Amino acid sequence: MAEWSLLPKELLEDIAKRLGSPFYLLRLRSVCSSWRSSFPPRPRRFPFLTNYGISDSTLGFHLSKRTVFLLASPKSPDRWLLKIEEDVPGRSHLLNPLSRSSPYPLPETFPKVLDLSRFRVFDLGEEYVLHHVNFRPLVNALGGAANLYREKVVFMCLGDESSDYVLLTIHVSGELALFNSVEKRWTIIHEMPSPYDDVILFRGQFYAVDGTGRTVRVGLDSRSPSLAANPVYGGDKKFLVESSGELLVVDMYLSDDQVDWDAEDEVSQVQLNGCIYERTVRFKVYKVDEGGQKLARMKSLGDRVLFLGDDCTFSASASELAGCKGNCIFFMDNFFYTSGEEEGTYKGRDIGVFDLDRGAITPLSDYPEAAKLFWPPPEWVSQTTSQVQTEFEGLAL
């Protein structure tokens, strides 16, 4: 039997092309020195994105990528969710897995370099974020840039060997916006019976869902999208999630006058800095039946757990998550509430958990074992990565 290190370079290159994440290429490089030399690191550096076709209120956009990982301890059943964004080659920082913000300050014992080769690692999802360049706030927001860079972005590479790509996002107007790196311009897709809520890349194609639940498949030719599923009216915000090879639409319902609150929930909304923030009260989940062009209601997710973040959605099996039951949805709740420590101060956005079995929403703190997935970092992360030997095996934080 031939040694792994003696595999033909052509075969190794074919394997590398089939890897779904740059992280797996990193793990491939760490097998042995010959494999390392066969796969020089190829970090994708996105060029400057022009504003042509979408905005005159910014010089352009910078695109960054973030990856959501699930780390598993080699010696215990514990798990830890983290999101990593690479600032510059070789330097990264941690973010809350479900939001755009950084988590609390890292413990002093946390390593400066996180050696991912020492853990079992599950790549759960990725997100792309547009950052404006030289935004001039005095320009009318309808010019396009004011909120564009805050919307979810999905990315598609045009071929295995090509550096060209296409982006899909939601314009501040609620219309879809497509950027093609070959043409170096944005195109607004004006077909919009209702403003769009979410976009996703599913099975190599772009999909979008609007506020009514109408789901469409978006081609790269910028023509009218193709109908994938007809509307299902009801909730206030729709999310697209891939789970077990299926495309799901998650319908979020916000508070209304008909909701009965517990005694401790005296208000269903609060005003902060002139904005009204409502509490999420329930969800409904549908599967996209593209053949029948309809959304089929799902009563249960089985073993699956859904995560609804600001810039990406992802799913996992409860068996992969320590202390987490299936048939649940984790999400960022937009409800702000007083901390109880000082008059007029507010806690940040908190994570809520919707249990489809009970039809109830509770804060993450009610699930102490599941809360360990998010914060603080488990001690075994620091202990396992205390000795990092090679530069490419770790992420410098």
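A brief report on the enclosed structure follows.

Quick notes on the rules
- Residues numbered from 1 in each chain as written.
- Predicted model: local features only at pLDDT ≥ 70, side-chain atom pairs only at ≥ 80, totals over all residues.
- Heavy atoms only, no water.
- Salt bridge = Lys/Arg side-chain N within 4 Å of Asp/Glu carboxyl O.
- Helix = DSSP H or I, 4+ residues; strand = E, 2+ residues; numbered from the N terminus.
- Buried < 20%, exposed > 50% of the residue type's maximum accessible area, 1.4 Å probe, protein only.
- Pairing = 2+ DSSP bridges.
- Polar contact = N/O pair within 3.5 Å; in protein donor to acceptor, adjacent residues only side chain to side chain.
- Contact = heavy atoms within 4.5 Å.
- Axes fitted to C-alpha atoms, helices over the stretch in contact; angles between N-to-C directions.
- Core = buried A, V, L, I, M, F, W, Y, C linked by side-chain atoms within 4.5 Å.
- Phe/Tyr/Trp six-rings, centres within 6.5 Å; stacked < 30°, edge-to-face > 60°.

1. Comments concerning the pattern of salt bridges
Two side chains that carry opposite charge are able to pair once their charged atoms sit near each other. A full pass over the atoms with the stated rule returns 13 salt bridges. As a salt-bridge pair, Arg217 and Glu290 come within 2.0 Å of each other at their nearest N and O atoms. On the criterion of sequence distance, the pair formed by Arg217 in strand S13 (residues 215-218) and Glu290 in the loop between strand S19 (280-289) and strand S20 (294-298) is long-range, its members being 73 residues apart. One salt bridge connects Lys325 with Asp355, and the closest N-O pair in it is separated by 3.4 Å. Here the residue Lys325 occupies a position in the loop between strand S22 (313-317) and strand S23 (328-333), and Asp355 occupies one in strand S24 (residues 350-355), the gap between them amounting to 30 residues. Residue Lys325 is classed as partly exposed on the basis of its relative accessible area of 35%.

2. Quick word on the pairing of S24
Taken across its six residues, S24 has five buried, putting it largely inside the fold. Of the strand pairs in this sheet, S23 and S24 are connected by six bridges, and their pairing is antiparallel. Pairing of Phe330 across the sheet is with Val353, part of S24. The sheet contact formed by S24 and strand S25 (residues 360-363) spans four bridges and is antiparallel.

3. A closer look at unusual backbone geometry
In this structure, the amide linkage connecting Trp375 to the following residue, Pro376, adopts the cis form with an omega of 0°. Turning to its location among the elements, Pro376 is positioned in the loop between helix H5 (368-371) and helix H6 (379-384). Even without being glycine, Ser244 reaches a positive phi, approximately 50°. In this structure, Ser244 sits in the loop between strand S15 (237-243) and strand S16 (246-254). Taking relative accessible area as the criterion, Ser244 reaches 53% and is therefore assigned exposed.

4. A few points about the side chain of Lys152
Checked against the element boundaries, Lys152 lands in the loop between helix H4 (145-148) and strand S7 (153-157). Judged by its relative accessible area of 9%, Lys152 is buried. Here Asp198 takes part through its side chain, which lies 3.1 Å from a polar atom of the side chain of Lys152. With near-sequence residues (within four places) excluded, Lys152 lies in contact with Leu168, Thr169, Ile170, Asp198, Val199, Leu240, Asp311, Cys312 and Thr313.

5. So, the sheet that holds S25
With mixed pairing, the five strands of this open sheet are ordered in space as S22-S21-S23-S24-S25. Looking at which strands have only one partner, the edges of the open sheet turn out to be S22 and S25. Averaged over neighbouring strand pairs, the angle between their axes works out to 25° when direction is ignored.

6. A closer look at the environment of Lys237
Summarising the element assignment, Lys237 is placed in strand S15. Separated by 28 residues in sequence, Lys237 and Val209 place their C-alpha atoms 9.7 Å apart. When neighbours within four sequence positions are excluded, Lys237 is seen to be in contact with Asp197, Val250, Asp251 and Met252.

7. Regarding the sheet that holds strand S14 (residues 226-229)
Reading across the sheet, the four strands line up as S11-S12-S13-S14 and stay open at both edges, with antiparallel pairing between neighbours. Sheet topology places strand S11 (196-202) and S14 at the edges, where each strand pairs with a single neighbour. Sheet twist, expressed as the mean angle between neighbouring strand axes with direction ignored, is 30°.

8. A look at the nonpolar core
Ranked by size, the top nonpolar core spans 26 residues in total, and within it Leu81, Phe307, Phe330 and Phe374 carry the most contacts. Among the secondary structure elements, those contributing two or more residues to this core are strand S2 (60-72), strand S6 (120-133), strand S21 (304-308), S22, S23, S24 and H5. Among residues more than four places away in sequence, those in contact with Leu81 are Val68, Phe69, Leu70, Pro97, Leu124, Phe307, Phe314, Leu373 and Phe374.

9. Here's the deal with the packing of aromatic side chains
Taken as a whole, this structure holds ten aromatic pairs when the rule is applied. Note on Phe283 and Phe331: the rings are 4.9 Å apart at their centroids and 70° apart in plane angle, and the pair reads as edge-to-face. With Phe283 in strand S19 and Phe331 in strand S23, this pair connects stretches of sequence that are 48 residues apart. Take Phe331: its relative accessible area is 0%, and that puts it in the buried class. Measuring from centroid to centroid gives 5.2 Å for Phe307 and Phe330, while their planes differ by 20°, and the two rings are stacked. Taken together, the residues span a long stretch of sequence, with Phe307 in strand S21 and Phe330 in strand S23 at a distance of 23 residues.

From the geometry alone we can't say anything about function, so treat these as descriptive.
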